[in-house]
Amino acid sequence: MSSRFVRWFTGADMQRAVFGFLRQHHPNMRLGKRLLVTRAEDVNEVLKTDAVFGVTEIYAERMERTTGAFFLGMENTPQYQREASISRKAVRPEDLERIRSMAREHAEQLIALARPTGRLDVVNGLARPVAVGMVDRFFGVPGPDPETMKRWMRIIFWDIFLNPGNDADVTARAKEASAELKRYMEGLIAQRKAGLATESRDDFVTRLLRMQEDEATRLDDDAVRRNVGGIIVGAVDTTSKAVAQLVNELLERPEALGEAQGAARAGDTARVAAHAFEALRFDPHNPLLMRTCHEDYVLAKGTDREMRIPKGTLVIASTLSAMFDPTVMQHPDEYRVDRPPQGYMHFGRGLHTCYGERINHLVLPEVLGCLLRLRNLRRAPGGEGRMRFEGPFPDRLMVEFDPG
């Protein structure tokens, strides 16, 4: 069976069709020891009832062997509360405009390099470098070089989140990359600590190290390494995949693309953001979220969808399906930019909402806006203008535009 057929069969178009049928006829469908949940109300119930639907059986061991224990792989324990709270305090409200500017400036630099040729790879010429640059400039982890960082981030993310069949090659490569990342992070932390008294750096890693002076906000060096590692691994290919897929969807919709370009040229950031998250709804970067049921539970109690879930069931909550549920999204098959933001589920819900949600709400529209301001933006002809993948990751999407 060809990889192209597998990708078509498991792609967003097919998922939308299948989930549309399931929402109507089998909204909570049991598949052996698995349960597929498709209605928005039920997906929300699963994701928000974190005392019952947990993540440790799915992610904890994978994180332990790669980045080290990370709070998004923990249940609502004292360790989770402490490490999550301290990590969130290290991102301040005033950082958000700085993050927005960083993303815009880097995207503009990359696009300027492409202007003379009128050609750009949306993935490796724009989205991935911007994400790696954010890890460097805001989080304070430059890595040995950008290419090494891309390699580390992708293979570790792949093994933790997108390797359900435990592909031995992926796991072996992730193990090697994780050992390299750990050595690098230990050296970086030691170097930053040595310079705390004399340097005026202000990045995420340095803040966590300065926060060690107060017992209430103290993470030891290994906890800093673990949590920074978990955050940056989750940052790069999530951002890159989201940008590539939402751009790919816009390119399929000339009218929407034109309207989005007009908004970008007018400086209407809110309108560009509306296009970004609506386009991403049609091919989300994270269409399925998995949880393990920790106790016998009744889902959708008192409705015609009521389902008894035995302890130990793997629950697959389809956020893609939830975002096409007509009870939440009117005329869900239409592309519309007037939808209520609470209907989108791109970054999950509940205890394990993506750490980078606030950041990506700024970065994705900024990167998209820079791209949209190019004149006559279009797919490159032939196969070059179609998305190519490395495993589950978009790895190439060539566009063309009028140079100058």
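This one's a predicted model, so the numbers in the text were calculated from it and none came from an experiment. (Residues numbered from 1 in each chain as written. Predicted model: local features only at pLDDT ≥ 70, side-chain atom pairs only at ≥ 80, totals over all residues. Heavy atoms only, no water.)

Quick notes on the side chain of T38
- Position of T38 relative to the elements: it lies in the loop between β2 (34-37) and α3 (40-48).
- At a separation of 2.8 Å, a polar atom in the side chain of T38 contacts the main-chain carbonyl oxygen of P27.
- When residues no more than four places from it in sequence are discounted, the contact partners of T38 are F19, L22, R23, P27, N28, V43, S321 and A322. (Helix = DSSP H or I, 4+ residues; strand = E, 2+ residues; numbered from the N terminus. Polar contact = N/O pair within 3.5 Å; in protein donor to acceptor, adjacent residues only side chain to side chain. Contact = heavy atoms within 4.5 Å.)

Points about empty space enclosed by the protein
- Inspection of the entire model under this criterion finds two cavities of 30 Å³ or more.
- Empty space within the largest cavity amounts to approximately 50 Å³.
- In this structure, the largest cavity is lined by T66, T67, S178, L181, K182, M185, R225 and G229.
- At four residues, helix α9 (residues 168-194) tops the list of elements feeding residues into the lining of the largest cavity.
- Counted by class, the lining of the largest cavity contains two nonpolar, four polar and two charged residues.
- When its volume is computed, the second largest cavity comes out at roughly 30 Å³.
- Lining the second largest cavity, in full, are M63, T67, F70, I160, F161, G230 and V233.
- Split into classes, the residues belonging to the lining of the second largest cavity amount to five nonpolar, two polar and no charged. (1 Å grid on protein atoms, 1.4 Å probe; cavity = no way out; pocket = protein on both sides within 12 Å on 5 of 7 lines; lining within 4 Å. Points joined across faces, edges and corners; volume = space filled by probe spheres on them. Nonpolar A, V, L, I, M, F, W, Y, C, P; charged D, E, K, R; others polar.)

Brief notes about the pattern of salt bridges
- All told, the structure shown has 39 salt bridges when counted by the stated rule.
- Between R16 and D13 there is a salt bridge, with the nearest N and O atoms lying 2.6 Å from each other. Linking R16 with D13, this pair stays in helix α2 (residues 12-25), spanning three residues, or about one helical turn.
- As a salt-bridge pair, R225 and D222 come within 3.1 Å of each other at their nearest N and O atoms. Residue R225 and its partner D222 are located together in helix α11 (residues 221-251), separated by three residues, close to a single helical turn.
- Each of R128, R154, D169, R173, D237, E390 and D395 takes part in salt bridges that share partners, so that together they form one network. (Salt bridge = Lys/Arg side-chain N within 4 Å of Asp/Glu carboxyl O.)

Considering the packing of aromatic side chains
- A full pass over the atoms with the stated rule returns 14 aromatic pairs.
- Ring centres of F71 and Y80 lie 6.0 Å apart, and the angle between their planes is 85°; this geometry places the pair in the edge-to-face category.
- Assessed through its relative accessible area of 3%, Y80 is described here as buried.
- The lysine or arginine in question, R253, covers the ring of F282, its NZ or CZ lying 4.3 Å from the ring centre.
- The ring of F324 carries the charged tip of R281 above its face, separated from the ring centre by 4.2 Å. (Phe/Tyr/Trp six-rings, centres within 6.5 Å; stacked < 30°, edge-to-face > 60°. Buried < 20%, exposed > 50% of the residue type's maximum accessible area, 1.4 Å probe, protein only. Lys NZ or Arg CZ within 6 Å of the ring centre and 35° of its normal.)

Side note on the sheet that holds β2
- The mixed open sheet is built from five strands, whose spatial order is β1-β2-β8-β5-β3. Every interior strand has two partners, whereas the edge strands, β1 (28-31) and β3 (53-54), have only one.
- Inspection of the sheet shows β1 paired to β2 by four bridges, in the antiparallel sense. Across the sheet, the residue bridging to N28 is V37, located in β2. (Pairing = 2+ DSSP bridges.)

Here's the deal with the layout of surface pockets
- Estimates place the volume of the second largest pocket at around 210 Å³.
- In terms of lining residues, the second largest pocket is bounded by 15 residues, among which F277, P341, Q342, Y344 and H361 are the most central.
- Residue assignment for the lining of the second largest pocket shows that the elements contributing at least two residues are α13 (269-282) and α15 (357-372).
- Top element by residues in the lining of the second largest pocket is α13. It accounts for three residues.

Notes on the packing of helix α8 (residues 146-161) against α9
- Contact pair α8 / α9: the axes reach a minimum separation of 8 Å and the direction vectors enclose 130°. Accordingly, the angle class assigned to the pair α8 and α9 is oblique. Where α8 crosses over α9, the two elements pack in a sense that is left-handed. For the pair formed by α8 and α9, the contact residues are R151, W152, M153, I155, I156, W158 and D159 on the first element and V170, T171, R173, A174, A177, S178, E180, L181 and Y184 on the second.
- Looking at side-chain class alone, the contact of α8 with α9 contains ten nonpolar, two polar and four charged residues. (Axes fitted to C-alpha atoms, helices over the stretch in contact; angles between N-to-C directions. Parallel < 35°, antiparallel > 145°, perpendicular 65-115°, else oblique. Left-handed = near helix turned anticlockwise from the far one by under 90°.)

Looking at the environment of R98
- Among the secondary structure elements, R98 is positioned in helix α6 (residues 95-114).
- When the C-alpha positions of R98 and F138 are compared, they lie 8.7 Å apart, and in sequence the two are 40 residues distant.
- For R98, the residues in contact, after removing those within four places along its chain, are R137, F138, D202 and R207.
- At a separation of 3.1 Å, a polar atom in the side chain of R98 contacts the main-chain carbonyl oxygen of D202.

Some remarks on the environment of G312
- Its place among the elements puts G312 in the loop between β7 (307-309) and β8 (314-318).
- Its relative accessible area of 49% is what places G312 among the partly exposed residues.
- For the pair G312 and R119, spaced 193 residues apart in sequence, the C-alpha to C-alpha distance is 50 Å.
- Residues contacting G312, with those up to four places away along its chain left out, are T292 and C293.

Let's talk about the sheet that holds strand β9 (residues 378-379)
- An order of β4-β12-β9 is seen for the three strands of this open sheet, with the pairing classed as antiparallel. The open sheet is flanked by β4 (119-121) and β9, the only strands paired with a single partner.
- Pairing of β4 with strand β12 (residues 398-400) involves three bridges; the strand directions are antiparallel. Note that in β12 the partner of R119 across the bridge is E400.

Don't take any of this as a statement about function, it's just geometry.
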